[in-house]
Amino acid sequence: MPQNLTKLWKHADIEATAIESFRRLANERHHLSLNDYHDLWRWSTESLNDFWMLVWEFTKVQASIHPTYAIKVSEEKRLTPTPIWFSEARLNFAQNILESAYGPSDQTNTSVLTGIREGEGEVEDVSLSHLRCRVARLSNALTRAGVRKLDRVACIGSNSIDTFTIFLAAASIGTIFTCCSPEMGEKGILDRFLQVEPKVLFADDWVVYNGRRIPCLEKAKKVASHLKQKAGLQDLIVVPRFEGRIPDSQEEGFHTLKSFTAGVPEDLQYAQLEFSHPLVVVYSSGTTGQPKCMVHSLGGVLLKQKVEQILCADMNKSSVYLQYTTTNWIMYLYSVSGLLSGARSILYDGSPMKPSPLILLQILSNQRATHFGTSAHYLSLLEQAGITKQDLPAGLNSLKVITSTGSVLTESQYYWVYKTFGAVQLSSIAGGTDIAGAFVGGTPSLPVYAGWCQARTLGMKVQVYSDAGEPIEATGEPGELVCTAPFPSQPVFFWGDKDGKRYQSAYFERFPGIWHQGDYIRMEPATQGIQFLGRSDGVLNPSGVRFGSAEIYNALNIFTEIEDSLCVGQRRPSDRDEQVLLFVKMKEGHAFDHKLKKAIEARIRQDLSPRHVPKFIYETQDIPMTVNGKKTELPVRKIVSGQKITPSSTIVNPGCLKWYEQFARVDGGPSPKAASKL
């Protein structure tokens, strides 16, 4: 074992975990000798049919028609075109959420879902029978409104029980759900929803965040108006945050949730669908244009979540799970999928730091949470706030697992977590919107080492490739994260990508036939742990909030005095988080000043969200361009992050790159005035 690895945690009773039961069952069923997690992982990525069929059985997937095989032998080595998984099966995602852990006849009044909202101490506990009734009413109301299989149901909603109900109702009848968080600006929402053309739109009328009540109804009405004119929207249904704040009528051109569901029955029917039937549309970060609309299948999301929650996180009916997230983030699917394991899910809607940095920890304590999903940024904020073990609420002794994602969890953060929270399994997980889950994550079967993700996730054949396309994970050298075998949670397709070229370009261009994720990683050969070293593309990722430079560029189109702009992320070796730098090139005769800087910030905040606003904005005299007239972000990103580069021969003005070197040496960069001088 390398001396530079520090072991921080090991499970006290590995044999009692679900993943060990699964390993023993695999040995018994298939006459194997899988001795540890690494053997199990290897089998899961080499014997795809046997592994995924056993996952189906072990995790108790509910289906009207169960399959006899997972994938054809002829497709086991093919990532593209996307293989067909479980072609015989017929099932429903909502039915699995509401029945797989409890059964269709279970009418327990025990709470299976808890909604907690910032602002007025709102805590709502919902039983399984009550949740089924709510889903049934809304499902039948959608059907009554003419919503049919494969129609899109859109939502501008927070992480609430109402939003979850809308999701399940849409899934129950085979429509496709898509969601944006209320914090997103009108333009950002329309960039997404205009592409998928929803038939109905649900929207929260108010949100509470950071102690402020924020009205959302007018924005929702504007979005609905655009969608009715350009995308055939039929109905806007407003979801009230506070009782009595909106009229219960259609005088304003919308339904309320109450009026929309009035008079419908409460019998719940589940459409029996193919495994590959579209469940959700989620969105890329928009690096090179409009956000890509990734369509994930009901079966892919279902099995991916079952593997990660039941096997990787050891969740069951005794578990209580809170994943902090907004509905914009792929982690929303984690947040609402706790019921698949029988766990009680806590949906929290609000700021994680108001009225105090301890608010989430107090909720975890009050609810006796066993599993907490968060981000490296949140943990860093707690550390910076001086939170110590003595500050923690007493009830946190129920906590067993902390999962962290969104950005890299540094080695020092591992030490702080264990010093503060004690003997928990700290799982740094990484994957993304693209796969509705993780490539790399945690397992109770292996120790936790400071600074390292524990393992490659079951069923995901993650390897490290050199620039030449050779596997180098066994050497410990850094390279590109690739996946070399198919998996069920690949996107079914990109919406609007009729010839499949955008899908191919997104993942299979760098290494033909091999999934290329765009992460720069290395593997420790002795432990097979993974360390993330950064992004190898232009996606911005400040504080774990992923977005694309194209969204920033689009927001700047209103400024006629700006000739061009360049937006990059900066993360130097000494930086604990990524920050976003925006460089603007002014048209001749126009000056960059403080007033324009504030106007740019305001426009980005309005069109997108406060989280999209760059940390620093500077004037530049030149932007590197290729012979094809395309500005190049990656060289500048590397330069301001302190890396040495050799400019590509395709850059027509490589001399301008030297000017950007000054930003790697000064915190916050030079002043705007000084930075404008080449």
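What counts and how
- Residues numbered from 1 in each chain as written.
- Predicted model: local features only at pLDDT ≥ 70, side-chain atom pairs only at ≥ 80, totals over all residues.
- Heavy atoms only, no water.
- Core = buried A, V, L, I, M, F, W, Y, C linked by side-chain atoms within 4.5 Å.
- Buried < 20%, exposed > 50% of the residue type's maximum accessible area, 1.4 Å probe, protein only.
- Contact = heavy atoms within 4.5 Å.
- Axes fitted to C-alpha atoms, helices over the stretch in contact; angles between N-to-C directions.
- Helix = DSSP H or I, 4+ residues; strand = E, 2+ residues; numbered from the N terminus.
- Left-handed = near helix turned anticlockwise from the far one by under 90°.
- Nonpolar A, V, L, I, M, F, W, Y, C, P; charged D, E, K, R; others polar.
- Salt bridge = Lys/Arg side-chain N within 4 Å of Asp/Glu carboxyl O.
- pLDDT = per-residue confidence, 0-100.
- Phe/Tyr/Trp six-rings, centres within 6.5 Å; stacked < 30°, edge-to-face > 60°.
- Lys NZ or Arg CZ within 6 Å of the ring centre and 35° of its normal.
- Parallel < 35°, antiparallel > 145°, perpendicular 65-115°, else oblique.
- Pairing = 2+ DSSP bridges.
- Polar contact = N/O pair within 3.5 Å; in protein donor to acceptor, adjacent residues only side chain to side chain.

As named in an unreviewed UniProt entry, the chain is Acetoacetyl-CoA synthetase, taken from Vermiconidia calcicola.

This brings us to the nonpolar core. The biggest cluster of nonpolar side chains holds 119 residues, and the ones touching the most others in it are Trp52, Phe164, Phe167, Phe202, Phe439 and Trp515. Look past the residues within four positions of phenylalanine 202 in its chain and what remains in contact with it is Leu138, Leu142, Val153, Ala154, Cys155, Ile156, Ile166, Ile237, Val239, Leu257 and Phe260. Listed in part, the 34 residues of the second largest apolar core include Phe583, Leu596, Ile600 and Val636.

Here the focus is the packing of helix α13 (residues 376–384) against helix α14 (residues 411–421). Running from amino to carboxyl end, α13 crosses α14 at an angle of 65°, the nearest separation of the two axes being 11 Å. For the crossing formed where α13 meets α14, the hand is left-handed. Taken together, the residues of α14 that come into contact with α13 (itself represented by Ala376, Leu379, Ser380, Leu382 and Glu383) are Gln413, Trp416, Val417 and Phe421. Here the residues of the contact of α13 with α14 are counted per class, giving 6 nonpolar, 2 polar and 1 charged.

It is worth spelling out the pattern of salt bridges at this point. Summed over the entire model, instances satisfying the criterion amount to 30 salt bridges. In this structure, lysine 304 and glutamate 308 form a salt bridge, with 3.0 Å as the shortest nitrogen-oxygen distance. In this pair, lysine 304 and glutamate 308 both sit in helix α10 (residues 298–312), 4 residues apart, roughly one turn of the helix. The exposure class assigned to glutamate 308 is buried, which follows from its relative accessible area of 8%. Here aspartate 575 and arginine 572 are joined by a salt bridge, their closest N and O atoms 3.0 Å apart. Each of Arg117, Glu122, Arg241 and Asp349 takes part in a single network of salt bridges with overlapping partners.

So, about the confidence of the model for the chain. The pLDDT averaged across the chain works out to 91; a share of 94% of its residues lies at or above 70. Residue range residues 671–678 is modelled with pLDDT below 50. Its contacts to residues more than four positions away, or to other chains, number 16 contacts.

In this structure the tally under the stated criterion is 37 aromatic pairs. Ring geometry for phenylalanine 494 and tyrosine 503: centres 5.2 Å apart, planes at 55°, overall tilted. Among the aromatic residues, ring-to-ring pairing joins Phe22, Trp43, Phe51, Trp52, Trp56, Phe58, Trp85, Phe86 and Phe275 into one connected group. It is arginine 213 that lies over the ring of phenylalanine 242; its NZ or CZ is 4.1 Å from the centre. The cationic tip of lysine 631 hangs over the ring face of tyrosine 553; the distance from NZ or CZ to the ring centre is 3.5 Å.

Here we come to the packing of helix α1 (residues 18–30) against helix α3 (residues 48–58). Packing of α1 against α3 brings their axes to within 11 Å, and their N-to-C directions diverge by 125°. It follows that α1 is oblique to α3 by the angle criterion. Seen along the crossing, α1 lies across α3 with a hand that is right-handed. Where α1 approaches α3, its residues Ala18, Ser21, Phe22, Leu25, Ala26, Arg29 and His30 are matched on the opposing element by Asp50, Phe51, Leu54, Val55, Glu57 and Phe58. The residue makeup of the contact of α1 with α3, split by class, is 8 nonpolar, 2 polar and 3 charged.

This next bit is on the sheet that holds strand β31 (residues 616–619). The strand order across the open sheet built from 3 strands is β29-β30-β31, with neighbouring strands paired in mixed fashion. Both outer strands of the open sheet, β29 (562–570) and β31, are each paired with one neighbouring strand and no more. Here the average twist between neighbouring strands, direction ignored, is 20°. In this fold helix α17 (residues 594–607) packs onto β29, β30 (579–586) and β31, with an angle of close to 125° to the strand it touches most, β30.

Our next topic: the sheet that holds strand β5 (residues 152–156). Spatial strand order, β11-β10-β7-β5-β6-β13-β14-β26: 8 strands in an open sheet with mixed pairing. The open sheet has two edge strands, β11 (255–256) and β26 (493–494), and neither has a second partner. Pairing geometry for strand β14 (residues 293–297) and β26, over 2 bridges, is antiparallel. Among the inter-strand pairings, methionine 294 is bridged to a residue of β26, identified as phenylalanine 494. Contacts from helix α6 (residues 161–172) reach β5, β6 (176–180), β7 (200–204), β10 (235–239) and β13 (278–283) within the one sheet, and its direction differs from that of β6 by about 155°.

Mapping aspartate 519 onto the fold places it in strand β27 (residues 515–524). The residues contacting aspartate 519, other than those within four sequence positions of it, are Gly479, Glu480, Leu481, Phe532, Gly534, Arg535 and Ser536.

As a further point, take the side chain of threonine 620. Here threonine 620 is to be found in the loop between β31 and α18 (634–640). A distance of 3.2 Å separates the side chain of threonine 620 from the side chain of tyrosine 660, its partner in a polar contact. Leave out the neighbours within four places in its chain, and threonine 620 touches Phe583, Val584, Lys585, Met586, Trp659 and Tyr660.

What follows is about the environment of tyrosine 520. With respect to the helices and strands, tyrosine 520 occurs in strand β27. For tyrosine 520, a relative accessible area of 33% gives the class partly exposed. C-alpha separation for the pair tyrosine 520 and aspartate 36, spaced 484 residues apart in sequence, amounts to 27 Å. Among all residues touching tyrosine 520, those that are not within four sequence positions of it are Pro478, Gly479, Glu480, Gln531, Phe532, Leu533 and Gly534.

Let's shift gears to α13. For α13, the complete set of buried residues consists of Ala376, Tyr378, Leu379, Ser380 and Leu382. Residue glycine 386 follows α13 closely and has a positive phi angle near 80°.

To continue, consider the environment of serine 428. One can find serine 428 in strand β19 (residues 425–428). Sequence separation of serine 428 and phenylalanine 275 is 153 residues, and the distance between their C-alpha atoms is 29 Å. Setting aside residues up to four positions removed in sequence, serine 428 forms contacts with Ser404, Leu409, Tyr414, Val440, Gly441 and Cys453.

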